[in-house]
Amino acid sequence: MFLNCHSHFSFKYGTMSVEALIAEAKGKKLDALALTDINCTAGIFPFIRAAQKSGIHPVIGIDFRNSTQQKYIGLARNQEGLYELNRHLSDHLVHKKEFTSKAPAFENSFVIYPLPEKLIPLRENEFVGVHPGQLNRLISSPWFRKKEKLVLLQPATFSSKVQFSAHRLLRSIDLNTLLSKLPKEAQGDATDQFYSYADLVSRCESHSYLLVNAQKLLEQCQFSFYFQAVKNRRDILGSDWEDFDFLRQEAFKGALRRYPNLQPEVSTRIEKELELIQQKGFVSYFLINYDIVTFAQQRNFYHVGRGSGANSIVAYCLGITDVDPIELDLYFERFINLYRENPPDFDIDFSWTDRDEVTDYIFQKYNRDKVEHVALLGSYSTFQYNSVFRELGKVFGLPKSDIESLIHFANKEGYEPDQFGKLIIKYSQVLHDMPSHLTIHACGILIAHKPIHYYTATDMPPKGFPLAHIDMHIAEDIGLHKFDILSQRGLGHIKSAIETIYQNQGVKVDIREVDKFKKDPKIKEMLRTGHTIGAFYVESPAMRMLLAKMKADEYLELVAASSIIRPGVARSGMMREYILRHVDEERRKTAHPVLAEIMPETYGIMVYQEDVIKVAHYFAGLSLGEADVLRRGMSGKSRSKDEFQRIREKFFSNCKEMGREDKVAAEVWYQIESFAGYSFAKGHSASFAVESYQSMYLKAHFPLEFMVGVVNNFGGFYHTEFYIHELRMNGADIQAPHINESEYLTRITGKTVYLGLIHMKFLEKTTVEKLLLERRENGAFLGLADFVARVAVSLEQLLILIRITCFRFTGKTKQELLWEAHFILNKKKAIPATNELFRSGGLSFGNRQPEIPLLEAVDIRQEILDQIDILEFPLDSPFHLVKDQSIQGIKAKDLQSHLGKTVMILGYLVTVKYTRTVKGEVMNFGTFLDRDGDWIDTVHFPPIVKKHPFKGRAIYRIEGKVTEEFGFYSIEVNLLERMAYWNAGED
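Below is a short write-up of the structure. All figures in this text were calculated on a predicted structure; none of them were measured in a lab. (Residues numbered from 1 in each chain as written. Predicted model: local features only at pLDDT ≥ 70, side-chain atom pairs only at ≥ 80, totals over all residues. Heavy atoms only, no water.)

Describing the overall build of the protein
For the record, the criterion: Numbered from the N terminus, helices here are DSSP runs of H or I no shorter than four residues, and strands are runs of E no shorter than two. In this setup the radius of gyration rests on C-alpha atoms only. A globule is expected at 2.2 Å times the number of residues raised to 0.38. Any residue under 20% of the maximum accessible area for its type is buried, any over 50% is exposed, and the rest in between are partly exposed; the area is computed with a 1.4 Å probe on protein chains only.
Counting its regular elements, the protein contains 39 helices and 23 strands. Against the compact-globule benchmark of 30 Å for 987 residues, the protein has a radius of gyration of 34 Å, which places it among compact chains. The C-alpha extent of the protein, read off along each of the three principal axes, is 100 × 85 × 65 Å. The buried share of the protein, reckoned over its 987 residues, is 56%.

In structure tokens:
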């Protein structure tokens, strides 16, 4: 009888999860109900799953509304009905159209209108819904004589008074209004709840036909859905056999390129994979990914294939990945096994500048004849602690200061909030984790064989591509597997660097010669010493420290480093143990013999996700399928907590049966538990390592062009300042922005690097565009007056250019130019560029020429302050700013000779890492530069953090003991003092 139920996917309206909604219905002993979320289809498939599990007949539909005004409800009689409802909703959402009062002529859906005042013509499949509160009105309505067209319309949106109050808060949040001003018509009715059949009969006394008619509609809606079938696009070439034949052909073609001497083990591995790929129905999944990377290669876009797909030799031969699974002995069953229902995970990274074009290609290629088969994967933004406090605070009319205070003190022991604070705390717990609105998954794209609207409605976000209402978990559950198209700055660095190398040196670099890069002595030296600033994934202080401690200079060592740096391995204590065993062969003998045999390459230590499967299978006797469930459960992807718990118990019982000591079994389980959710698949680490080698090759052989590429892509672990510092340390002549030499982005000529105008934070983009256009069309500027004559610019914008020395080619000092700028713009308005009077000598003032007074000499410290103000970083040494220049200290390169001693050193802060000890106390790792530009690494234990905390970016006086571990030197800090800076007013 319930034809209008809302879950929390009726965003900022419904309050019950799908599971809670089903539980309420079951508690009322209902045997059928319809989920009709407002303008959303996100909950449909979870609802079907949960209803079937509870023995309830699920009916699905949509509540079509303009804001909160209900126009009609659509109920799908079958799958075709859902398709037409989804298409109708999508058309209105995508084109931002309001719903009219009349539904279209659906062929496979029922339509229910809220009770109209007057009679309206109804089609055979259309009905009128009557709310129990409208029964008195119904008796005098003309509809009373149309009983065969009337059904009970009892909404079910809440289950308690608390949820109704939460609903009102959600409505206030949605409308951005105070709760006290929430309009009655903008909210539901407090009676919109589930009732038992007996209660409904009582509420509809003398109108039992409403219940009967509603029940008939529910019974006629039969939506059957086979969850297990793969719904992805198939028959790429017209038939299954053609697809498979083409995949096989291309795989072996690629194998001849990858392995010129095609060994039997390669052919056998390819055939084995192809057989399993075909058996699992993943042929089209491979072909589409192959098509995507082929398009990218044709457009000269660089890509990296990551994820478990890197375990596949077929993917390697097709060029989807550049990781050789034979070389790395990658565990194929991690990639695909007979127990795995989902396809392999291909994460394909593109440069951030290229991804949108790749995405557009996918939509253009795989949509057919104006029927949508492609959509961006959805996600749901949920109410979290701070955000829900702020939203509720606004609803109750609290000032911002009170809201922030409540957030800060709410969980403090002994805190007693006022009445509003108590309400906010109470309802923040009700709303916590409730979906707030639909958003876009970071990288997922769905490509369905049938039109996408058979599974979901679509919206149109600002990104400009249709967005599915389902998230990755729902998509995976229904067999609609995503394609991951990601963007990253690292590939942008590589692409820009290659282009810059060709422009500056005329050299064409083939970045795919990774085998050559692995043997490069310059790269080996960079790895051993940790000199990897700017290189993808290996530039962070922690990674540089790890590489230096390991003395890593081999590909496999870098692959391992990429994974052991992850939080899980480090948290379990295995990162340190790995380093110890790596550098000391005797230490390797302490490994458990079974674990050492299972994982000889990593000295018996679990480093990769595959190791969980290996250990669970060989150490604890679990089947491969059970081991993979264990791995997925550890990473939060377990479909069933009960199943995961069963396998956990089996792990320990099997260990006991196999004679494993309880202590050892518990220790192994702890290792699995502590890192499985954070570790990488080995193929994933290997993919990262490939890109790292590509970056390191460019840095090793073309350091200046590479760092310019890094600077121009505005991405990396460090602030732009430190990539410019790296340029300087590699011999570049760094020039501040220049009116005649700089472009929008940074450029290099020979060894001279001109910073781009983009780095001047106060310079308006329109000013930059006018400047560059005028220079391109009419040549270089002759001086300040010529510039003012040709470019319409305000005094404020002109002063920014002068302060950063953009006009230094004139030979005049900054002070002279500042004085001249005020004189010119106070006496003369900017003159259009068409006036040729000023091309030779600049602006004319008649018989009167400006007389520049005697000005003070340039002070390097003021120059640095201007640089920091305009660029947000200094170009000259910031150490000039230290007020007390008598304080010097040692240099970073001298640390080795002071091992075990307490030293004092001045350091310019680069970055701070915050972490917690096992006791939950905060400790820091600092990274600094000394006066010579060399790196300093520091350790700050909790007592020091409390006593001497960091106080922002500055130069610090550091005192501490020099320590060494595995040849890596750092300072264990006992004093940290921010140095006072020079103030011009004090001179």
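Description of the pairing of strand β12 (residues 435-447)
Using the following cut-off: Each pair of strands is called paired provided DSSP finds at least two bridges between the two strands.
Here eight bridges tie strand β11 (residues 374-382) to β12, and the two strands are oriented antiparallel to one another. Each bridged residue has a counterpart across the sheet, and for G378 the counterpart in β12 is I440. Note: β12 against strand β15 (residues 483-488), two bridges, orientation antiparallel. For G444, the partnering residue across the bridge sits in β15 and is D484.

A closer look at the side chain of D243
Spelled out, the test is: Charge convention: Lys and Arg are scored as positive, Asp and Glu as negative, and His as well as the terminal groups of each chain are ignored. By definition, a salt bridge exists where a carboxyl oxygen of Asp or Glu is found within 4 Å of a side-chain nitrogen of Lys or Arg. Polar contact is the term for a pair of N or O atoms within 3.5 Å; when the atoms are in protein, one must be able to donate a hydrogen and the other to accept it, and sequence-neighboring residues count only if both atoms are side-chain atoms. Contacts are residue-level and defined by heavy atoms, with any inter-residue pair within 4.5 Å sufficient.
Along the chain, the position of D243 falls in helix α8 (residues 240-258). Buried within the structure, D243 lacks any salt-bridge partner; its nearest side chain of opposite charge belongs to R233, at an N-O separation of 7.3 Å. Here D235 takes part through its backbone nitrogen, which lies 3.0 Å from a polar atom of the side chain of D243. Each residue touching D243, except ones within four places of it in the same chain, is listed here: R234, D235, I236, L237, G238, V283 and L287.

A closer look at the packing of α8 against helix α10 (residues 283-298)
Using the following cut-off: In this analysis, axes come from line fits to C-alpha atoms, helices being fitted only over the stretch in contact, and the angle between any two N-to-C directions falls in the range 0 to 180 degrees. In these notes the angle categories are as follows: under 35 degrees is roughly parallel, over 145 is roughly antiparallel, 65 to 115 is roughly perpendicular, and the rest is oblique. What makes a crossing left-handed is the near helix being turned counterclockwise from the far one by less than a right angle; a clockwise turn instead makes it right-handed. Gly falls in the polar group here, along with every residue not listed as nonpolar (Ala, Val, Leu, Ile, Met, Phe, Trp, Tyr, Cys, Pro) or charged (Asp, Glu, Lys, Arg).
One can describe the packing of α8 onto α10 by two numbers: an axis separation of 10 Å at closest approach and a directional angle of 55°. Judged on the interaxial angle alone, α10 and α8 are oblique. For the crossing formed where α8 meets α10, the hand is left-handed. Together, D243, F244, F246, L247 and E250 of α8 and V283, F286, L287 and Y290 of α10 make up the contact between the two elements. Looking at the contact of α8 with α10, its residues break down into seven nonpolar, no polar and two charged.

A look at the sheet that holds strand β17 (residues 747-749)
Reading across the sheet, the three strands line up as β16-β18-β17 and stay open at both edges, with mixed pairing between neighbours. The open sheet is flanked by β16 (733-735) and β17, the only strands paired with a single partner. Across the sheet, the axes of successive neighbouring strands diverge by a mean angle of 25°, strand direction being ignored. The pairing of β16 with strand β18 (residues 752-754) spans three bridges and is parallel. Bridging across to β18, Q735 finds its partner in Y754.

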